[in-house]
Structures are given as structure tokens and as C-alpha cells.
Amino acid sequence: MFAVTTVGLLIIAALGVWIVLPYLYRLGNVRNLQARCRESKTVVLTYDDGPSANFTPELLDLLAEYNASATFFVLGVQADNNAEVVPKIIANGHEIGSHSYAHLNAWKDFPWKVANDIEAGIDCLSRNEVDITYFRPPNGKITLATLLQTLFKGRRMAWWTIDSTDTCPETIPAEKLAETVKNAGGGVVLLHDFERKTDKDRNRFVLEATRQLLEMAKAENFSVRTFGQLQQQV
């Protein structure tokens, strides 16, 4: 009985170190982002899982209408498949962060595979002469290994404070999303710009959500900044 109890406690302790501590790290970061957004009345638009050949340029045109800057957390595989889009993102004054290469989930894949996937995503963007400071973990999942890899490489993790619901089974109305961000005093909003070939309604939702957020920011005198600009706010 003692041996089983000891083994059980060791397993619990290992899980605590491996997953719970990184979760607490994330929680602290998210609260810091929320405070920064409130203090500076800032909206940060972030787009994951792209770029896509058709939808990302459409999104860039919308952002240009409002002279707004956003942060794109790029997948390496998508950057390789749509190499002409990455320079367009940069030329339009937007920020690029890494979202790994193939979107491996740190909770479901072997640690060494996840580590290689992260570095492959960074290397892909480096080949495109893009220096990366911010890394957003796929699915928001990290372990102690992911956290240490990011910190030792001198990078910073980039979380979000409000999910747009554009990848959920059902989306909330775009107007309600904008109202939620307004009531929160600002926020880092999670959206996606990958190509949805079989669900164009989701692409339209992302465009409408982006427009509603930008209209709200203009009406309420919120600043629209990149993730890096938010982090630089004192």
C-alpha cells in the first residue's frame, strides 16, 4: 500500500510540474495581458493558422481600410505553401509570430516531436527573413518542455484574452464579440485566417468580426495595436 501511494504521489507531482506549472504560467500571462489592454484601452487582433492564398489577402484589404495593424501567428507549412503571402503581410505593416510548423499539440505528441515542430516553424520564417520574438502554442497547450524551450531560446509566448469562437461548433454574433471586448476594456482577440474551403461562412464571420471590432475601437476611442506593441506599453 505504501509503495502504491508513493508511486501515485510521484505521478501527481510529475504531472504538476509537467502541466500544472505551465498552466499557472499561462494564467499569469493572460491576466497581465488583460491588465495591459484595460490600462491602455487596446484591442489586439491576432490571426492563427495561416497564411492562406485567398482569405489572408482579403483580410489584409479589410485591415487596410481602417489603417489597422494586426499580428499573424503563422504556421510554417502554410508559409511554405503560400510563400507569396508572407511578404504581403509584412508590407502591409503587420507583425508576424510563429505558431509552429505543423500545429502539433504539446499534450498529445511526444516532447521531441513538439520541440522539432516549434523549431521547424521558426526556421521556415527565418528562411523568409522574418525574425521571430513571439510564439503562440498550437491549441494553447504547453508543457514544461515547451515552456523551457521557448524561454531558453529567448522567445516569448503570446496568449489571447478573448476567443472569437470562429473555430467553435457555433459562433457568437460578431456584434456580441465586439461588445464583449468593449466591456472588458480591450483585449487580445483570437481569430483564424486559414482557408476554409468547405465552410465559407466562417471566413465571412472572421471578416465581419474584424470589421465590428474595428468599428467598436473607432467609436470607443480604443487603440488597435499589434501584440508586440501591447507588450511594449509601460
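Provided above is the structure to which this section pertains.
Residues numbered from 1 in each chain as written. Predicted model: local features only at pLDDT ≥ 70, side-chain atom pairs only at ≥ 80, totals over all residues. Heavy atoms only, no water.

1. Some words on the overall build of the protein chain
Looking only at helices and strands, the protein chain features nine helices and eight strands. In summary, the protein chain has a C-alpha radius of gyration of 19 Å against a globular reference of 17 Å for 234 residues, a match within 12%. Overall, the protein chain is about 65 × 40 × 40 Å in size when its C-alpha atoms are taken along their principal axes. Put simply, 79% of the contacts in the protein chain that link residues at least 6 apart link residues at least 24 apart. Carbon and sulfur atoms make up 55% of the accessible area of the protein chain, which totals about 11,600 Å². Averaging the positions of the 24 positive and the 27 negative side-chain charges in the protein chain gives two centres separated by 5 Å. (Helix = DSSP H or I, 4+ residues; strand = E, 2+ residues; numbered from the N terminus. Rg over C-alpha atoms; globule rule 2.2 N^0.38 Å. Contact = heavy atoms within 4.5 Å. Areas by Shrake-Rupley, 256 points an atom, 1.4 Å probe, with all protein chains shown as cover. Lys, Arg positive; Asp, Glu negative; His and termini not counted. Charge placed at Lys NZ, Arg CZ, Asp CG, Glu CD.)

2. A word on the pairing of strand β7 (residues 187-192)
The buried fraction of β7 is high, at six of six residues. What you see with β7 is no split at all: G187, V189 and L191 on one side and V188, L190 and H192 on the other are buried throughout. Direction of pairing for strand β1 (residues 42-48) relative to β7: parallel, over a ladder of six bridges. Looking at the pairing, D48 lines up with H192 of β7. Bridging between strand β6 (residues 162-163) and β7 involves two bridges; their strand directions are parallel. Residue pairing across strands places I162 opposite V189, the latter belonging to β7. (Buried < 20%, exposed > 50% of the residue type's maximum accessible area, 1.4 Å probe, protein only. Pairing = 2+ DSSP bridges.)

3. Observations concerning the packing of aromatic side chains
Per the stated rule, a full pass over the model turns up four aromatic pairs. Residues Y47 and F72 carry aromatic rings whose centres are separated by 5.2 Å and whose planes lie at 25° to one another, so their mutual orientation is stacked. Of this pair, Y47 sits in strand β1 while F72 sits in strand β2 (residues 71-74), and the two are 25 residues apart along the sequence. Overall, Y47 belongs to the buried group, its relative accessible area being 0%. You can call F72 buried: its relative accessible area is 1%. Seen in terms of ring centroids, F73 and F227 are 6.3 Å apart; in terms of plane orientation they differ by 75°. Their pairing is edge-to-face. Here F73 is found in strand β2, whereas its partner F227 is found in helix α9 (residues 227-232), with 154 residues between them in sequence. The exposure class of F73 is buried, given its relative accessible area of 0%. Site record: aromatic cluster; members linked through ring pairs are F73, Y134 and F227. Positioned above the aromatic ring of W107, the side-chain terminus of K141 is 5.2 Å from the ring centre. Directly above the aromatic system of F194 lies the positively charged group of R196, at a separation of 4.3 Å from the ring centroid. (Phe/Tyr/Trp six-rings, centres within 6.5 Å; stacked < 30°, edge-to-face > 60°. Lys NZ or Arg CZ within 6 Å of the ring centre and 35° of its normal.)

4. So, the pattern of salt bridges
Applying the stated criterion across every chain yields a total of eight salt bridges. The salt bridge partner of R127 is D80, with a shortest N-O separation of 3.6 Å. With R127 in helix α5 (residues 111-127) and D80 in helix α3 (residues 76-81), this pair connects stretches of sequence that are 47 residues apart. Two residues, R196 and D166, come together in a salt bridge whose shortest N-O distance is 3.2 Å. In this pair, R196 is assigned in the loop between β7 and α8 (200-220) and D166 in the loop between β6 and α7 (174-183), connecting sequence segments 30 residues apart. (Salt bridge = Lys/Arg side-chain N within 4 Å of Asp/Glu carboxyl O.)

5. Re the pairing of strand β3 (residues 95-98)
Regular strands have side chains that alternate between both faces of the sheet. The alternating pattern of β3 places E95 and G97 on one face and I96 and S98 on the opposite face, and all of these are buried. Where β2 meets β3, four bridges bridge the pair, whose relative direction is parallel. By the bridge assignment, T71 is partnered in β3 with E95.

6. Comments concerning the packing of helix α2 (residues 55-65) against α8
It is the contact of α2 with α8, at a shortest axis distance of 10 Å, that shows an interaxial angle of 15°. In terms of orientation, α2 and α8 fall into the roughly parallel class. For α2 against α8, the interelement crossing comes out right-handed. Here α2 contributes F55, E58, L59, L62, L63 and E65 to the contact with α8, which in turn contributes N203, V206, L207, T210, R211 and L214. (Axes fitted to C-alpha atoms, helices over the stretch in contact; angles between N-to-C directions. Parallel < 35°, antiparallel > 145°, perpendicular 65-115°, else oblique. Left-handed = near helix turned anticlockwise from the far one by under 90°.)

7. Focus: the environment of V43
Locating V43 in the fold gives a position in strand β1. Overall, the relative accessible area of 1% leaves V43 in the buried class. Residues V43 and K153, spaced 110 residues apart in sequence, show a C-alpha to C-alpha distance of 28 Å. Once you skip the residues sitting within four places of it in the chain, V43 turns out to touch V181, G187, M216, F222, S223, V224 and R225.

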